[in-house]
Amino acid sequence: DNSSETMQWEELANMSFTVKVDENLGFNIPFPTSGETPANIMVDWGDGSALTIVNKGTTLSDGDGFNYEYAETGEYTITIYSDQVDETEQQIPKINFWYNRKNNNNHQKLVLINTPFLNTETEDFNYCFYYCSNLISIPEELFDKNIEVTSFEYCFEVCSNLTSIPTRLFDKNINVTSFFGCFQKCSTLESIPKGLFDKNIEVEVFRGCFSDCRNLKEVPEGLFDNNKKATNFMSCFSLCSNTTLNKNIFSNEGSTDRFSGMNMRFNHCFQHAGKDSTNPGEAPELWKYERGGSTWNTTGCFDNANATNLTLDYEYNTEWGTPLNWN
């Protein structure tokens, strides 16, 4: 019975996620195998077994208490408690389901993230959920306690069962400079919430952010409206073959001087975008945008893309590639 012991920790900081354990009954909380625990940490493995307590200052290693083997297959909700209740201080070690403790295929066992992360005091969540292909849901405030993060590169790449993104997922991460490949190959993702990146005013790179999201149906107006420092949109929506484009993706007002004076990378940005869509939209009319003497890479931006305004009738410039309906 864990009830009395849990009662002593219930007022402490905690987070939880759900895993589905298969014939490989082992699961490792994906902390590093170097460094030390920043606080006293307790783990409830969700199967009624004795709680695991790892003291502050314990050396992290393959032999520490964050490795576990279940008695049988099934779904288990793991809860991690920390006695560091000050959210501005590090509460748990850096967590990464792809890089850390991979021997039990932990990333494939993750199915739900139930609560926001505790403070890991990390500067990046690069590859954190890479290839977590059974992950179906993430909470809106997942990263709220990790305000020092500067990069989410490939964070959710190949999360092929993730169908939606919470609206305010990145609202507290105002120092981020890169979302390179963040949602790449999320093959069941259908929509992007309006305002997703509104608070991320320092971002410079969106390269490949939604590349190969083949079920993505639409891109909201003004998605990048507040990202005035962003210069790299290479392959951002490439292979999004079912997407209905919106010509005001980069600006709510479609302002043509948005990128004036900035060296831009739009190469392959919308390659194959909307190719299989039954409802072609309007592509951002980047060929009409002012450059102000800066250098732009436009190679293949609209190659094989499908949109109603990618035709000779709309003064489209072939410098941007050959769209699907070119005539």
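Whatever comes next refers back to the structure up there.
Let me begin by describing the structure that accompanies this report. Computed from a predicted model, the values in this text were never measured in an experiment.

Calculation criteria
Residues numbered from 1 in each chain as written. Predicted model: local features only at pLDDT ≥ 70, side-chain atom pairs only at ≥ 80, totals over all residues. Heavy atoms only, no water. Core = buried A, V, L, I, M, F, W, Y, C linked by side-chain atoms within 4.5 Å. Buried < 20%, exposed > 50% of the residue type's maximum accessible area, 1.4 Å probe, protein only. Helix = DSSP H or I, 4+ residues; strand = E, 2+ residues; numbered from the N terminus. Contact = heavy atoms within 4.5 Å. Salt bridge = Lys/Arg side-chain N within 4 Å of Asp/Glu carboxyl O. 1 Å grid on protein atoms, 1.4 Å probe; cavity = no way out; pocket = protein on both sides within 12 Å on 5 of 7 lines; lining within 4 Å. Points joined across faces, edges and corners; volume = space filled by probe spheres on them. Nonpolar A, V, L, I, M, F, W, Y, C, P; charged D, E, K, R; others polar. Pairing = 2+ DSSP bridges. Axes fitted to C-alpha atoms, helices over the stretch in contact; angles between N-to-C directions. Patch = residues over 30% accessible without salt bridge, like charges linked within 9 Å, V, L, I, M, F, W, Y side chains within 5 Å. Areas by Shrake-Rupley, 256 points an atom, 1.4 Å probe, with all protein chains shown as cover. Lys, Arg positive; Asp, Glu negative; His and termini not counted. Charge placed at Lys NZ, Arg CZ, Asp CG, Glu CD. Polar contact = N/O pair within 3.5 Å; in protein donor to acceptor, adjacent residues only side chain to side chain. Phe/Tyr/Trp six-rings, centres within 6.5 Å; stacked < 30°, edge-to-face > 60°. Lys NZ or Arg CZ within 6 Å of the ring centre and 35° of its normal.

1. Some words on the nonpolar core
For step 1, the next point in the chain: Phe129, Phe156, Phe210 and Phe237 are the most contacted members of the largest nonpolar core, which has 89 residues in total.
For step 2, the next point in the chain: Looking at this core, the elements with two or more residues in it are β1 (13–21), β3 (41–44), β6 (74–82) and β7 (110–113).
For step 3, the next point in the chain: The element best represented in this core is β1, accounting for five residues.
For step 4, the next point in the chain: With residues up to four places along the chain from it excluded, the contact list for Phe210 reads Ile165, Phe183, Leu189, Ile192, Leu196, Phe197, Leu223, Cys236, Phe237 and Cys240.

2. Quick word on the pattern of salt bridges
For step 1, the next point in the chain: Across all of its chains, the model carries eleven salt bridges by this definition.
For step 2, the next point in the chain: Across the pair Lys145 and Glu87 runs a salt bridge whose closest N-O atoms are separated by 4.0 Å. Here the residue Lys145 occupies a position in the loop between β7 and β8 (264–265), and Glu87 occupies one in the loop between β6 and α2 (106–109), the gap between them amounting to 58 residues.
For step 3, the next point in the chain: Classification of Glu87 as partly exposed rests on a relative accessible area of 44%.
For step 4, the next point in the chain: The residue Glu319 makes a salt bridge to Arg291 at a minimum N-O spacing of 3.0 Å. Residue Glu319 is located in the segment after β9 (296–297), and its partner Arg291 is located in the loop between β8 and β9; the two are separated by 28 residues in the primary sequence.
For step 5, the next point in the chain: Using a relative accessible area of 35% as the deciding quantity, one classes Glu319 as partly exposed.

3. Some thoughts on the environment of Glu282
For step 1, the next point in the chain: Along the polypeptide, Glu282 turns up in the loop between β8 and β9.
For step 2, the next point in the chain: When the C-alpha positions of Glu282 and Lys247 are compared, they lie 5.1 Å apart, and in sequence the two are 35 residues distant.
For step 3, the next point in the chain: Setting aside residues no more than four positions away along its own chain, Glu282 makes contact with Leu245, Asn246, Lys247, Ala307, Thr308 and Asn309.

4. Re the layout of surface pockets
For step 1, the next point in the chain: By volume, the largest pocket amounts to about 160 Å³.
For step 2, the next point in the chain: Residue lining of the largest pocket: Glu87, Thr88, Asn119, Glu121, Thr122, Asp144, Lys145, Asn146, Ile147 and Glu148, and that is the complete set.
For step 3, the next point in the chain: Its residues assigned to classes, the lining of the largest pocket shows one nonpolar, four polar and five charged.

5. Comments concerning the sheet that holds β3
For step 1, the next point in the chain: The five strands lie next to each other as β4-β3-β6-β1-β7, forming an open sheet whose pairing is antiparallel. Strands at the two margins of the open sheet, each flanked by one partner only, are β4 (52–54) and β7. Sheet twist, expressed as the average angle between the axes of neighbouring strands with direction ignored, equals 20 degrees.
For step 2, the next point in the chain: Relative to β6, β1 is paired through nine bridges, and the arrangement is antiparallel. Looking at the pairing, Phe17 lines up with Ile78 of β6.

6. Focus on a negative patch on the surface
For step 1, the next point in the chain: A surface patch of like charges, here negative, comprises Asp86, Glu89, Glu121, Glu123 and Glu148.
For step 2, the next point in the chain: You can see Glu123 is positioned in the loop between β7 and β8.
For step 3, the next point in the chain: The class for Glu123 is exposed, based on a relative accessible area of 57%.

7. Points about unusual backbone geometry
For step 1, the next point in the chain: Unusually for a residue other than glycine, Tyr154 sits at a positive phi of about 55 degrees.
For step 2, the next point in the chain: Mapping Tyr154 onto the fold places it in the loop between β7 and β8.
For step 3, the next point in the chain: The phi dihedral of His268 falls on the positive side, at around 60 degrees, and the residue is not glycine.
For step 4, the next point in the chain: Residue class for His268 comes out partly exposed when judged on its relative accessible area of 22%.

8. Let's talk about the pairing of β1
For step 1, the next point in the chain: Burial analysis of β1 places seven of its nine residues in the buried class, the great majority of the element.
For step 2, the next point in the chain: Sheet analysis places β1 next to β7, joined by three bridges and oriented antiparallel. Its bridge partner being in β7, Thr18 is matched across the sheet by Leu112.

9. Some thoughts on the side chain of Ser277
For step 1, the next point in the chain: Tracing the backbone shows Ser277 in the loop between β8 and β9.
For step 2, the next point in the chain: For Ser277, a relative accessible area of 12% corresponds to the buried category.
For step 3, the next point in the chain: Looking at Ser277, its side chain comes within polar contact range of the main-chain nitrogen of Asn279, at 3.0 Å.
For step 4, the next point in the chain: With near-sequence residues (within four places) excluded, Ser277 lies in contact with Ser241, Asn242, Thr243, Thr244 and Asn306.

10. So, the packing of aromatic side chains
For step 1, the next point in the chain: If you walk through the whole model with that rule in mind, you get 56 aromatic pairs.
For step 2, the next point in the chain: Seen in terms of ring centroids, Phe17 and Phe27 are 6.1 Å apart; in terms of plane orientation they differ by 50 degrees. Their pairing is tilted. Separated by ten residues along the polypeptide, Phe17 in strand β1 and Phe27 in strand β2 (residues 26–28) bring together distant segments of the chain. Grouping residues by exposure puts Phe17 and Phe27 together as buried.
For step 3, the next point in the chain: Aromatic side chains Phe152 and Phe179 sit 5.7 Å apart centroid to centroid with 5 degrees between the ring planes, which places their arrangement in the stacked category. Residue Phe152 is located in the loop between β7 and β8, and its partner Phe179 is located in the loop between β7 and β8; the two are separated by 27 residues in the primary sequence.
For step 4, the next point in the chain: Exposure remark for Phe152: the relative accessible area of 0% places this residue in the buried category.
For step 5, the next point in the chain: The ring centre of Trp98 lies 3.8 Å from the NZ or CZ of Lys102, which sits over that ring.

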